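Residue-level structure breakdown
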Amino acid sequence: MSPYRERPGWLRRLNLLGPAADDPRLVVPLDPAEMLGAARARTGLEDIGDTHWLETYERRIRSIDEEAHAHLLGRLLCRAETLRVLQTRLRMREAWRQDPSILEERIERPVFVLGAPRTGTTILLELLALDPALRAPIAWEAHHPLPHGEAVDAESSRRLAEAEHEFWMDMQPEFASLHELRSDLPCECVHFLSLEFGGPYWGMLYQSPSYDAWAATQPQILPRTYRLHRQFLQTLQAGQERRTWLLKSPGHLGTASALFAEYPDAVVVHTHRDPQKFVGSAASTTAMLGWLRSDDIDPKRNGQIALGGFSFMLNDVRQKRAAGTLPDGQFVDSHYLDLIEDPVAAIRKIYQQAGLAWPEGHADRILAYLRDKPKGKFGKHAYTLAEYGLDASMVDAAYAEYVRHYDIRRES
């Protein structure tokens with residue numbers, strides 16, 4: 001298989017240390033019991049979760065270890081992130097034990113931005129987060145929600161998270177043109193859902209087919225993931241001014257029913273865009289995420305995920321809204337072209353339909369933010385549908401009903 005992308009020289013040479021030792025697993029072991037033991041020893045804490053959570057964690061890590069074909073740095077990242085996540089989970093559970101009122105914090109009428117990747121979800125999240133009445137999780141909080149070790153204060157936590165975020169772009173500078181990672185920006189739910197090994201973070205980065213097959217038979221994983229989602233917000237909110245939570249992840253598209261089961265009063269801002277523009281870009285994004293951790297990338301597989309996976313999720317949401325199994329009245333549809341052409345008007349419309357109060361000076365904040373963050377700030381990401389085994393007619397066929405139902409305008 002030919003390389004998906006050219007790697008920076010330092011990373012190519014580093015990864016060759018794995019084969020030089022015969023197997024990267026010999027250099028960076030991923031033993032779930034050993035890593036959990038190390039996290040417990042480091043924190044002096046024991047309570048990590050129930051036996052089913054432990055089984056989920058162990059199966060996920062073993063599957064990554066044996067099946068993900070991670071290169072040396074991919075394994076090192078997995079080990080480092082796993083140790084960070086385990087320690088955070090131990091500290092959070094201890095915080096809940098010491099102060100049970102944390103889990104009594106009310107999370108009321110949260111606002112979720114969801115849509116297929118590359119449909120404007122990120123910039124919309126950042127613009128909505130300019131509202132002082134809304135609160136989005138910030139990237140450094142997602143990594144270090146509680147003080148510990150070196151991260152004894154917010155500034156230390158920011159520095160640690162900044163190094164980790166920027167390293168993604170050091171590994172593949174092209175990634176910045178797809179998605180800017182900064183420790184001070186609002187972040188996707190997927191980052192703090194790494195605390196739940198049944199959540200979407202690990203599957204986004206590592207292939208783990210035996211885990212996926214097992215998880216499909218475990219219906220308790222999804223509600224547990226959303227329960228953890230609420231508990232994380234409660235932990236951040238405790239002792240702070242209560243504001244409306246603002247959240248985002250394309251992954252919520254496929255689990256919207258579970259989202260509303262946990263948050264029945266949620267408001268969902270559903271983003272839409274011409275599939276001819278987002279399908280290839282979504283395929284490129286998912287392939288790049290895998291390429292950060294492994295040499296075993298098949299672009300055509302990512303093309304099929306973007307073509308079939310997202311069309312299925314989008315049509316499933318559409319059908320459930322029409323049938324009433326998802327609360328259609330709690331959805332606000334937002335079109336990418338409307339946001340690009342007149343961002344203030346598009347966001348005012350969201351506020352009106354969602355019943356949110358328009359804050360004084362918000363239009364000026366939006367325009368100033370966009371002025372300082374122009375489109376293409378990190379260059380234009382180049383891709384073709386053909387690179388992912390797709391063509392325009394395949395995209396039209398898969399998304400025809402979606403385009404018709406939401407009256408989506410074509411982009412030139």
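This report concerns the structure included in the present document. The shown structure was predicted, so the numbers you read here are calculated from the model rather than taken from an experiment. (Residues numbered from 1 in each chain as written. Predicted model: local features only at pLDDT ≥ 70, side-chain atom pairs only at ≥ 80, totals over all residues. Heavy atoms only, no water.)

Moving on: the overall build of the protein. Scanning the protein from N- to C-terminus turns up 21 helices and five strands. Relative to its length of 412 residues, the protein is compact, with a C-alpha radius of gyration of 21 Å against a globular reference of 22 Å. Projected onto its principal axes, the C-alpha positions of the protein cover 55 × 55 × 45 Å. Buried positions account for 54% of the 412 residues belonging to the protein. Summarising the internal contacts of the protein: among those between residues at least 6 apart in sequence, 83% fall at separations of at least 24. Total accessible area computed for the protein in this model is approximately 18000 Å², and 53% of it derives from carbon and sulfur atoms. (Helix = DSSP H or I, 4+ residues; strand = E, 2+ residues; numbered from the N terminus. Rg over C-alpha atoms; globule rule 2.2 N^0.38 Å. Buried < 20%, exposed > 50% of the residue type's maximum accessible area, 1.4 Å probe, protein only. Contact = heavy atoms within 4.5 Å. Areas by Shrake-Rupley, 256 points an atom, 1.4 Å probe, with all protein chains shown as cover.)

For the structure shown, the criterion picks out 30 salt bridges. Linking Arg7 and Asp295 is a salt bridge whose minimum nitrogen-to-oxygen distance equals 2.8 Å. Of this pair, Arg7 sits in the segment before helix H1 (9-15) while Asp295 sits in the loop between helix H16 (275-291) and helix H17 (299-323), and the two are 288 residues apart along the sequence. Residue classification places Asp295 among the partly exposed residues on the basis of a relative accessible area of 44%. (Salt bridge = Lys/Arg side-chain N within 4 Å of Asp/Glu carboxyl O.)

Leu86, Trp168, Phe175, Tyr206 and Tyr399 are the most contacted members of the largest nonpolar core, which has 92 residues in total. In terms of residue count, helix H6 (residues 72-98) provides more of this core than any other element does, 10 residues in total. Excluding anything up to four places from it in sequence, Tyr206 contacts Ile64, Ala68, Ala70, Gly74, Leu77, Cys78 and Arg293. Of all hydrophobic cores here, the second largest spans 20 residues; its members include Val111, Val269, Leu339 and Ala354. (Core = buried A, V, L, I, M, F, W, Y, C linked by side-chain atoms within 4.5 Å.)

This part takes up the pairing of strand S4 (residues 267-272). Taken across its six residues, S4 has six buried, putting it largely inside the fold. Of the two faces of S4, the one lined by Val267, Val269 and Thr271 and the one lined by Val268, His270 and His272 are each fully buried. Pairing geometry for strand S1 (residues 111-114) and S4, over four bridges, is parallel. Note that in S4 the partner of Leu114 across the bridge is His270. Bridge count for S4 against strand S5 (residues 331-335) is five bridges, and the pairing is parallel. Across the sheet, residue Thr271 finds its bridge partner in S5, namely Ser334. (Pairing = 2+ DSSP bridges.)

The next point concerns the environment of Gly120. Tracing the chain through its elements places Gly120 in the loop between S1 and helix H7 (121-128). Of the residues examined, Gly120 reaches a relative accessible area of 10% and is grouped as buried. Counting along the chain gives 158 residues from Gly120 to Phe278, while the straight-line C-alpha distance between them is 9.7 Å. For Gly120, the residues in contact, after removing those within four places along its chain, are Tyr336 and Leu339.

On to the state of the cysteines. Tallied over the full model, the rule gives zero disulfides. With no disulfide of its own, Cys78 has Cys187 as its nearest cysteine by sulfur position, at a separation of 19 Å. With relative accessibility at 0%, the residue Cys78 sits in the buried group. Between Cys187, a free cysteine, and Cys189, which holds the nearest cysteine sulfur, the sulfur-to-sulfur gap is 7.6 Å. Cys187 sits in the buried class, given a relative accessible area of 7%. (Disulfide = S-S within 2.5 Å.)

In contact at an axis separation of 8 Å, H16 and H17 are set at 120° when each is read in the N-to-C sense. Compared by their axis directions, H16 and H17 come out oblique. Taken as a pair, H16 and H17 cross one another with a handedness that is right-handed. Residues Phe278, Val279, Ala282, Ala283, Thr286 and Ala287 of H16 pack against Asn302, Gly303, Ala306, Leu307, Phe310 and Leu314 of H17. (Axes fitted to C-alpha atoms, helices over the stretch in contact; angles between N-to-C directions. Parallel < 35°, antiparallel > 145°, perpendicular 65-115°, else oblique. Left-handed = near helix turned anticlockwise from the far one by under 90°.)

In space, the five strands of this open sheet follow the order S2-S3-S1-S4-S5, with parallel pairing throughout. Two strands bound the open sheet, and with one partner strand each, they are strand S2 (134-135) and S5. Both S1 and strand S3 (residues 244-248) contribute to a ladder of three bridges, which runs parallel. Bridge pairing links Phe112 to Leu247 in S3. Contacting S1, S2 and S3, helix H14 (residues 221-237) runs over the sheet at an angle of about 135° to S3.

With a phi angle near 55°, His69 is a residue other than glycine that sits in the positive phi range. Turning to its location among the elements, His69 is positioned in the loop between helix H5 (51-67) and H6. Positive phi, normally seen in glycine, also occurs at Arg118, with a value near 70°.

What follows concerns the packing of aromatic side chains. Aromatic ring pairs are described here by two measures, namely the spacing of the ring centres and the angle between the planes. Across all of its chains, the model carries 16 aromatic pairs by this definition. Aromatic side chains Trp10 and Phe167 sit 5.9 Å apart centroid to centroid with 35° between the ring planes, which places their arrangement in the tilted category. Taken as a pair, Trp10 in helix H1 and Phe167 in helix H9 (residues 154-171) lie far apart in primary sequence, 157 residues in all. By relative accessible area, Phe167 is classed as partly exposed at 26%. Among the aromatic residues, those joined into a ring-pair cluster are Trp53, Tyr57, Phe197, Tyr201 and Trp202. Positioned over the ring face of Trp291 is Arg7, at 3.6 Å from the centre of the ring. (Phe/Tyr/Trp six-rings, centres within 6.5 Å; stacked < 30°, edge-to-face > 60°. Lys NZ or Arg CZ within 6 Å of the ring centre and 35° of its normal.)

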